[in-house]
Amino acid sequence: MRAPVYPPPVEPKRKRKRRKSLLLSFLGFAFAAGVVMFLVGSAVAGFFLWKASKDLPDYDSLAKYEPPVMSRIHAHDGSLIAEFARERRIFVPINTIPKQVLAAFLSAEDKRFYEHGGLDFQGIGRAVFKFAEAKLKGSDRRTEGASTITQQVAKNFLLTNDRTIERKIKEAILAIRIERAYSKDKILELYLNEIFLGLNSYGVAAASLNYFNKELKDLEPHEAAYLAALPKAPNNYHPFRSETTKRRAKERRNWILDEMVQNGHIDKAVAEQAKKKDLSVNPRAFGTHISTAEFFAEEVRRTLFAQYGEEKLYAGGLSVRTTLDPKLQQMARRALIDGLVAFDRQQGWRGPVARIDISGDWGIALGAIEQPTDIQPWRLGVVLDAQKAKAVIGLKPQKQIDGTLVAQREAVEVGFDEIKWAKALPKKTDPKAVSDVLVPGDVIYVSPKNPNEPTGVWSLMQIPEVSGGLVAMDPHTGRVRAMVGGYSFQLSEFNRAIQASRQPGSTFKPFVYAAALDSGYTPSSIVLDAPFVAPGVDKWWKPGNYAEGRYYGESTLRLGIEQSRNTMTVRLAQDIGIGRIVEYADKFDLSDRLPRELAISLGAAETTLMRITAGYSTFVNGGKHVTPFLIDRVQDKTGKTIYAHDARACAGCCPCAPWQLPAARSTRSRRRRWSARARAASTAGTRA
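Residues numbered from 1 in each chain as written. Predicted model: local features only at pLDDT ≥ 70, side-chain atom pairs only at ≥ 80, totals over all residues. Heavy atoms only, no water.

(A) Up close: the overall build of the protein. Counting its regular elements, the protein contains 19 helices and 19 strands. Across the 688 residues of the protein, 46% fall into the buried class. (Helix = DSSP H or I, 4+ residues; strand = E, 2+ residues; numbered from the N terminus. Buried < 20%, exposed > 50% of the residue type's maximum accessible area, 1.4 Å probe, protein only.)

(B) Region of interest: helix α14 (residues 509-518). Across the ten residues that make up α14, a large majority, ten, are buried. Gly-520 lies just past α14 and shows a positive phi near 115°.

(C) Region of the structure containing the sheet that holds strand β1 (residues 71-74). Read across the sheet, five strands follow the order β2-β1-β5-β18-β19 without closing on themselves; strand pairing throughout is mixed. Looking along the sheet, the strands with just one partner apiece sit at the ends: β2 (80-84) and β19 (641-644). When the angles between neighbouring strand axes are averaged without regard to direction, this sheet yields 15°. Where strand β18 (residues 631-635) meets β19, three bridges bridge the pair, whose relative direction is antiparallel. Bridged to Val-634 within β19 is Tyr-643. The sheet contacts of helix α11 (residues 294-315) involve β1, β2, β5 (319-322), β18 and β19, and relative to β2 the element is tilted by about 35°. (Pairing = 2+ DSSP bridges. Axes fitted to C-alpha atoms, helices over the stretch in contact; angles between N-to-C directions. Contact = heavy atoms within 4.5 Å.)

(D) Region of the structure containing the packing of α14 against helix α17 (residues 578-587). Viewed as axis vectors pointing N to C, α14 and α17 meet at an angle of 110°, and their least axial separation amounts to 9 Å. Taken together, the axes of α14 and α17 lie roughly perpendicular to each other. Mapping the contact onto sequence places Phe-511, Val-512, Ala-514, Ala-515 and Asp-518 in α14 and Arg-580, Ile-581 and Tyr-584 in α17. Residue composition of the contact of α14 with α17, by class: six nonpolar, no polar and two charged. (Parallel < 35°, antiparallel > 145°, perpendicular 65-115°, else oblique. Nonpolar A, V, L, I, M, F, W, Y, C, P; charged D, E, K, R; others polar.)

(E) Quick look at the packing of aromatic side chains. Applying the stated criterion across every chain yields a total of 15 aromatic pairs. Residues Trp-378 and Tyr-445 carry aromatic rings whose centres are separated by 6.1 Å and whose planes lie at 50° to one another, so their mutual orientation is tilted. Taken together, the residues span a long stretch of sequence, with Trp-378 in the loop between α13 (362-367) and β7 (379-386) and Tyr-445 in strand β10 (residues 442-448) at a distance of 67 residues. Each member of the pair Trp-378 and Tyr-445 is classed as buried. (Phe/Tyr/Trp six-rings, centres within 6.5 Å; stacked < 30°, edge-to-face > 60°.)

(F) Quick look at unusual backbone geometry. Residue Pro-377 is reached from Gln-376 by a cis peptide bond, and omega for that bond is 10°. Checked against the element boundaries, Pro-377 lands in the loop between α13 and β7. Even without being glycine, Asn-213 reaches a positive phi, approximately 55°. Mapping Asn-213 onto the fold places it in the loop between α7 (204-212) and α8 (221-229). Note on Asn-213: relative accessible area 44%, which makes it partly exposed. Unlike most non-glycine residues, Ser-564 shows phi in positive territory, near 55°.

(G) Inspection of the side chain of Ser-201 at higher detail. By the secondary structure assignment, Ser-201 is in strand β4 (residues 201-202). When its relative accessible area of 0% is taken as the criterion, Ser-201 is described as buried. Filtering out sequence-adjacent residues up to four positions away, Ser-201 remains in contact with Arg-88, Ile-195, Phe-196, Ala-206, Ala-207, Asn-210 and Tyr-211.

(H) Representation of the packing of helix α9 (residues 243-262) against helix α10 (residues 268-275) in the model. At a minimum axis separation of 9 Å, α9 and α10 run at an interaxial angle of 175°. One way to sum up the angle between α9 and α10 is to call them roughly antiparallel. Contacts between α9 and α10 involve Arg-253, Asn-254, Leu-257, Asp-258 and Val-261 on the former and, on the latter, Lys-268, Ala-271, Ala-274 and Lys-275. When its residues are assigned to classes, the contact of α9 with α10 shows four nonpolar, one polar and four charged.

(I) Looking closely at the pattern of salt bridges. Under the definition given, this model contains 40 salt bridges. Notably, a salt bridge pairs Lys-246 with Asp-278, separated by 3.6 Å at the nearest N-O pair. With Lys-246 in helix α9 and Asp-278 in the loop between α10 and α11, this residue pair connects regions lying 32 residues apart in the sequence. Counted as one network, the salt bridges with shared partners bring together Lys-214, Glu-220, Glu-223 and Lys-277. (Salt bridge = Lys/Arg side-chain N within 4 Å of Asp/Glu carboxyl O.)

(J) Looking closely at the environment of Ala-271. Mapped onto the elements of the fold, Ala-271 is located in helix α10. Sequence separation between Ala-271 and Met-260 is eleven residues, and the spatial gap between their C-alpha atoms is 8.2 Å. Those residues in contact with Ala-271 that sit more than four places away from it in its chain are Leu-257, Val-261 and Ile-266.

Below, the structure written as structure tokens:
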């Protein structure tokens with residue numbers, strides 16, 4: 001029997017292997033494509049990085065960084081007179097900045113500053129996530145940034161503020177390079193001294209003074225937190241702008257306090273106590289800090305500008321010790337103002353400053369009228385009621401730093417006794433009642449009779465039409481202790497003590513008599529006091545005495561100067577020769593050029609108040625001439641003395657505190673202007 005034949009077995013199709021090979025092929029393709037895309041992306045990124053880094057600024061300049069620092073002018077006792085700067089900055093080393101100030105800024109700007117290497121990738125990821133979240137919600141609100149303090153240093157010092165991708169790339173590259181080149185403390189020091197914090201304040205030290213009138217070491221936690229809130233946008237957190245900005249400032253400050261707690265810098269109880277405090281910002285006054293020394297400060301500024309140039313003055317951090325005595329300066333200012341006002345009152349009342357309608361809100365109309373701010377305690381006011389015995393004056397509202405008027409209205413009364421000096425217009429007759437001089441709606445100046453008692457008696461005032469100057473100086477050294485150049489620096493910056501050339505009049509006569517004593521005259525010499533006639537330019541010159549028509553015949557030289565006799569002085573000048581008078585005036589440095597005419601013996605030539613004061617100092621100083629000066633010493637920002645009027649060495653003096661240096665007499669050579677013989681003759685005449 002034949003065996004059955006079976007067909008050969010059919011092998012099953014290997015579908016699974018085929019599918020696996022296809023998957024491997026796809027993965028291989030994807031990997032190859034990914035590698036290609038990575039290489040292309042790397043090449044593109046590398047190109048952009050190369051392009052961004054090829055023209056990067058040299059970050060090595062940070063090591064040589066010298067921040068612009070304001071120059072400060074001090075009186076002889078160390079009190080601050082004025083500051084000059086484009087950017088109000090006081091540079092402070094990192095080791096002198098209090099820890100709570102550092103903690104506030106780190107919590108607000110870069111809490112991982114001491115952990116990252118220039119770029120905070122956690123912060124970048126958080127910022128990207130919030131940006132995407134805001135876009136998905138359709139919000140256009142600007143999200144938080146992820147810039148580190150190092151990046152801000154790179155931007156502030158080396159780059160611009162342009163909001164472009166190229167600038168951000170450059171910023172990131174520089175941040176990494178800066179981290180490798182400098183310590184964290186150095187980077188933080190640069191940041192805290194450079195950053196702008198509003199009110200023209202650059203750096204934390206200047207901001208502390210300008211906002212709170214405090215040094216950094218005296219700041220409380222809520223004040224340090226407020227300063228740390230400002231770098232983001234100083235104008236948005238300005239406490240004077242509006243209630244909205246004040247509320248935002250408190251919210252930002254409180255958030256920073258919470259961050260300080262979270263980061264372990266302060267206790268929660270301290271933060272909660274700080275949150276309850278108001279924004280008690282006490283802005284520091286700008287400009288001249290001694291209110292009576294504006295003319296003095298301006299003259300010092302001009303001198304420094306001429307000596308060291310604009311850049312050194314406004315950015316060099318000069319520390320200048322001057323000769324000013326603040327107490328004498330206040331008295332000098334008061335004396336000049338009182339004299340000018342007394343003289344001006346003799347000329348009568350010139351009428352009100354302006355007239356306004358008082359039927360509505362008179363405070364707004366009155367507040368719009370400008371007034372000089374350097375004439376305190378004078379106040380601008382409007383007459384609300386004028387009776388027979390008194391007038392009620394509404395005072396101009398005081399202004400806050402941003403120009404917002406204070407809500408309350410102040411009113412004072414001015415009695416008839418303080419108004420009767422004013423002549424009633426239009427005929428300028430003696431007033432019988434207050435209403436003869438003032439009517440409701442008149443805008444006038446009033447001032448407390450006693451500046452130290454603003455609640456006492458008030459007087460009617462008017463700005464004098466005439467101005468003047470005053471100089472007080474040490475006759476032995478030439479140190480100018482006080483100087484006032486006019487009634488108001490804001491009304492006129494012209495310094496009448498130094499810049500005004502005027503005829504000295506009879507104050508020139510002592511130099512004529514000094515020349516006579518040096519020419520052989522004695523105080524007992526006889527000179528004729530009688531009418532005098534000399535040829536003039538187009539007619540005869542006939543000088544007379546102050547009391548016209550009165551002459552006293554033969555008189556001694558001493559009596560002539562005591563009584564200031566004109567004809568005696570002219571006759572004396574004619575006798576010794578006008579050339580001798582001109583020579584003496586040159587010796588005393590009274591004028592650059594004097595005409596050779598007899599009239600100069602009566603003070604017809606021009607000189608300045610400062611020169612005539614220095615000339616008189618020669619008489620007190622034993623005949624030795626002194627040159628007036630306002631600056632004792634100038635130091636640069638490192639404390640090195642770059643100018644000293646007294647060149648003697650000072651052992652044991654602290655170079656960092658210019659007011660501790662001695663105010664000794666100058667050892668500069670002083671030439672004798674008046675002979676010993678003439679001085680002896682004058683002394684003998686005085687004893688006689």
